[in-house]
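If you want the building blocks of each chain, they are given just below.
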Amino acid sequence: MCYAIPGNVKSITGNLITVDYFGEKRKARNDFYNLQVGDYVYAQGGFVVQKIDEKDAEEILDTWKELFFELKKTDARLSRLHNDKPHLDKDFLKIINRATYGKSISHQEALRLLLSTDSDEKEVLFKSANFVRQKFLDNACCVHGIIEFSNICRCQCEYCGIQSSNINLKRFSLKPGEIINVVADAVIRFGFKGIVLQSGEDLSYSSEELLDLIKMIRKKFPVFLFLSVGEREEEFYRKAYEAGAKGVLFRFETSDENLYAKLHPDSSLQERVRYLKFFKDVGYLIATGGLIGLPGQKAESIIDDFLFAKELGCDMYSFGPFIPHIDTSLADDHAPDIEYVLKALSVLRLIDSSGKILVTTALETLHTQARRRALLSGANSIMLNLTPKEYAGLYDIYPRSSTVDSSVEEQVRNAQQLLKEIGRAPTDLGI
Ligand code: SAH
């Protein structure tokens, strides 16, 4: 299985095209290629990343044909609605019924769902979120790779293990040539179509170096590039977009101003949000979100975060649990319970029926089945870690040895197996 299925261009209006995947239609933006109706393309994150030869496309589609419909069947079976349990609270059911019809739910209703402790209610919530995901987005699932290329950081985020004051951490920074090699391996050997370049706020990596890197990657590889490098000058982000990076992964972390200020002595929520609006204006696809279960964070505040991200026009939601790191001032605090995070993701799905929701690696550290459970509770996007093994352990934002120890081959095998078992296909989710 490769990480994208080729689609056939059905219509073109300016730089917006409609792509067909075995009868399913998705929209995508085309900024790079000269296309005509009937051409075959790979799209990722709603962007066309490659135009492919008709013969090659038909050969690939041929290998997918049967499997594609089998996957759909599996997904349809697993996403059936089960809200017929006896004794369910009437108010709870009313909210669930409205949400499963695609109607919006209020802050108070979302909070009622998140705070539910009843095991039947929780099961209904997870299943309803999975039902909504299937109904609005079919069985498409994004699989992106992430390369963490530097753990040098000038920031002092209180929860983060790579904060500038952590003198116990050995710092590293990959050279552009090393990053290119990782991308080459990911794209050519493993078929990745979407890659995130992430680092601390490492200003020793100059904007020119990063821009050259982006241009080089785009020139050599048909891949959708996300940047996750923090706050840099606006000019850099404008040029990076022109150079071919079309996505930004940039969390606002929490929309609670007081909590934000407490945890980020050297930045402000206002500035963080200003960046997100600026990215949107430039044209970037934005992946954003925050931490779930931060010390001092109320459940109300998590719902605020979801509604805030939606209002910002978030294209991909990235919400994961806070995990305490031993070298930080929050070392003695606790990560939230996995059930709580799954409930939160389900509520998020009911808040935005057609958004892309990522399963974060932080969530995956909480339980071996976390990825599967999240994908069955409303999520539809996963990320595999491509950072070379000798460095992955040093990108120590939180303890996560369970997810960084396995090789890319092993991660790819596990992801393919899981997606097959739960009936998900790598068709693009579109825009
Ligand atoms: N420099 C980039 C990338 C930051 S690291 C930027 O500023 O956007 C990526 C994400 O890791 C952060 O946005 C934060 O939400 C998350 N993170 C950091 N420490 C964490 C912890 N202890 N638990 C869970 N997530 C954490």
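Computed from a predicted structure; not experimentally measured.

1. Some thoughts on the environment of Asn-258
- You can see Asn-258 is positioned in helix 8 (residues 257-263).
- Sequence separation of Asn-258 and Ala-57 is 201 residues, and the distance between their C-alpha atoms is 52 Å.

2. Some words on the sheet that holds strand 10 (residues 285-288)
- Spatially, the eight strands line up as an open sheet ordered 14-12-10-9-8-7-6-15, and their pairing is parallel. Two strands in the sheet have a free side with no partner beyond their single neighbour: strand 14 (356-357) and strand 15 (381-385).
- Bridge count between strand 7 (residues 194-199) and strand 8 (residues 224-228): five bridges; the pairing is parallel. Residue pairing in the sheet places Leu-197 in a bridge with Leu-227 of strand 8.

3. Remarks on the nonpolar core
- In this structure, Ile-147, Ile-195, Leu-197, Tyr-237 and Phe-279 are the most contacted members of the largest nonpolar core, which totals 152 residues.
- If you tally residues by element for this core, the top one is helix 11 (residues 338-351), at ten residues.
- Those residues in contact with Ile-195 that sit more than four places away from it in its chain are Gly-145, Ile-147, Val-183, Ala-186, Val-187, Val-223, Phe-224, Leu-225, Phe-226 and Leu-386.

4. Remarks on the packing of helix 3 (residues 107-114) against helix 11
- Contact geometry for helix 3 and helix 11: axes closest at 9 Å, N-to-C directions at 150°. Accordingly, the angle class assigned to the pair helix 3 and helix 11 is roughly antiparallel. You can see that helix 3 and helix 11 cross each other, and the crossing is right-handed. Mapping the contact onto sequence places Ala-110, Leu-113 and Leu-114 in helix 3 and Tyr-340, Lys-343, Ala-344, Val-347, Leu-350 and Ile-351 in helix 11.

5. Concerning the pairing of strand 7
- Counting buried residues along strand 7, six of its six residues qualify, which places the element largely inside the surrounding structure.
- Because side chains alternate across strand 7, one face comprises the buried residues Gly-194, Val-196 and Gln-198, and the other comprises Ile-195, Leu-197 and Ser-199, equally buried.
- Looking at chain direction, strand 6 (residues 142-150) and strand 7 are connected through five bridges and run parallel. Residue pairing across strands places Ile-147 opposite Leu-197, the latter belonging to strand 7.
- Read from strand 6 through helix 5 (residues 176-189) to strand 7, the crossover connection turns out right-handed.

6. Here we look at the site of the ligand
- Close to the ligand lie 19 residues; Tyr-159, Ser-199, Arg-251, Glu-253 and Ile-323 are nearest.
- Contacts to the ligand include Tyr-159, whose backbone N or O atom sits 2.9 Å from a nitrogen atom.
- The side chain of Arg-251 places a nitrogen or oxygen atom 2.7 Å from an oxygen atom of the ligand.
- In the complex, 91% of the free accessible area of the ligand, which totals 560 Å², lies under the protein chains.
- Split into classes, the residues belonging to the shell around the ligand amount to ten nonpolar, five polar and four charged.

7. Notes on the domain arrangement of the protein
- Segmenting the protein into domains produces domain 1 (7-78), domain 2 (90-135) and domain 3 (138-422).
- On a C-alpha basis, the centres of domain 1 and domain 3 stand 26 Å from each other.
- Facing the 19 residues of domain 1 at the interface are 22 residues of domain 3.
- Both faces considered, domain 1 and domain 3 share a buried interface measuring about 1700 Å² in area, 58% of it formed by carbon and sulfur atoms.
- When the buried surface of domain 1 facing domain 3 is broken down by residue, Phe-32, Gln-44 and Val-49 rank first, second and third, together holding 30% of it.
- Seen at the junction of domain 1 and domain 3, the total is three salt bridges.
- Linking Lys-246 and Asp-31 is a salt bridge whose minimum nitrogen-to-oxygen distance equals 3.6 Å.
- Per-class residue counts for the side of domain 1 that touches domain 3 are nine nonpolar, four polar and six charged.

8. Notes on the side chain of Arg-424
- Relative to the elements of secondary structure, Arg-424 occurs in the segment after helix 16 (408-421).
- Polar side-chain contacts of Arg-424 include one of 2.7 Å to the backbone oxygen of Leu-375.

9. Considering the packing of aromatic side chains
- Within this structure, the stated rule accounts for 21 aromatic pairs.
- Relative to Phe-69, the ring of Phe-68 has its centre 5.4 Å away and its plane inclined at 85°; by these criteria the two rings are edge-to-face.
- For Phe-68, a relative accessible area of 0% translates into the label buried.
- Judged by its relative accessible area of 43%, Phe-69 falls in the partly exposed class.
- By way of ring pairs, the aromatic residues Phe-236, Tyr-237, Tyr-241, Phe-250, Tyr-275, Phe-278, Phe-279 and Tyr-284 are connected into one cluster.
- Taking the ring centre of Phe-236 as reference, the NZ or CZ of Arg-232 above it sits at 5.4 Å.

10. Comments concerning helix 5
- Helix length check: helix 5 (14 residues) gives 19 Å between terminal C-alpha atoms against 20 Å at 1.5 Å per residue, within 8%.
- Within the span of helix 5, buried status applies to Ile-179, Ile-180, Val-182, Val-183, Ala-184, Ala-186 and Val-187.
- On the buried face of helix 5, the contacting elements are strand 6, strand 7 and helix 6 (207-220).
- Count one or two residues on from helix 5 and you reach Gly-191, which has phi positive near 80°.

Conventions we followed
Within any chain, residue numbers begin from 1 and follow the written order of that chain's sequence. Per-residue local features of the predicted model are confined to residues with pLDDT of at least 70, and side-chain atom pairs are confined, for both listing and counting, to 80 or more; whole-chain, interface and lining totals are unaffected and use all residues. Derived side-chain values reflect all non-hydrogen atoms in the structure, with water molecules and hydrogen atoms excluded from consideration. Helix and strand labels come from DSSP, where a helix needs a run of H or I of at least four residues and a strand needs a run of E of at least two; each type is numbered from the N terminus. Two strands qualify as a pair provided that DSSP identifies no fewer than 2 bridges between them. Throughout this description, the term nonpolar core refers to a set of buried Ala, Val, Leu, Ile, Met, Phe, Trp, Tyr and Cys residues connected via side-chain atoms within 4.5 Å. Exposure is judged per residue with a 1.4 Å probe applied to protein chains only, and the accessible area is read against the type maximum: over 50% gives exposed, under 20% gives buried, and values in between give partly exposed. Any pair of residues with heavy atoms lying within 4.5 Å of one another is described as a contacting pair. Think of each axis as a best-fit line through the C-alpha atoms, taken over the contacting stretch in the case of a helix, with angles from 0 to 180 degrees between the N-to-C directions. In these notes the angle categories are as follows: under 35 degrees is roughly parallel, over 145 is roughly antiparallel, 65 to 115 is roughly perpendicular, and the rest is oblique. Throughout, a crossing is termed right-handed when the near helix is turned clockwise from the far one, and left-handed when it is turned anticlockwise from it by less than a right angle. By convention a crossover is right-handed if, when the strands point away from the viewer, the path from the first strand over the helix to the second runs clockwise. Nearness here has a simple test: a residue counts as near a molecule or strand if at least one of its heavy atoms is within 4 Å of that partner. Contacts described as polar in this section are N or O atom pairs within 3.5 Å, which, within protein, must combine one atom able to donate a hydrogen with one able to accept it, while residues neighboring in sequence count only if both atoms come from side chains. Using a 1.4 Å probe, accessible areas were evaluated by the Shrake-Rupley method; residue-level cover was limited to the displayed protein chains. Following the grouping adopted for this structure description, the nonpolar residues are Ala, Val, Leu, Ile, Met, Phe, Trp, Tyr, Cys and Pro, the charged ones are Asp, Glu, Lys and Arg, and the polar ones are all others, Gly among them. Residue ranges for the domains trace back to a domain assignment, done automatically or taken from a database. Note: buried area is the sum, over both parts, of the accessible area (probe 1.4 Å) each one loses when the two are combined. Should a side-chain nitrogen of Lys or Arg be within 4 Å of a carboxyl oxygen of Asp or Glu, the pair is scored as a salt bridge. The pairing test for Phe, Tyr and Trp rings, Trp by its six-membered ring, is centres within 6.5 Å, and the orientation test on the planes gives stacked under 30 degrees, edge-to-face over 60, and tilted for anything in between. Lysine and arginine charges are scored as sitting over a ring when NZ or CZ, respectively, is within 6 Å of the ring centre and within 35 degrees of the ring normal. For a helix, the expected span equals 1.5 Å multiplied by the number of residues minus one.

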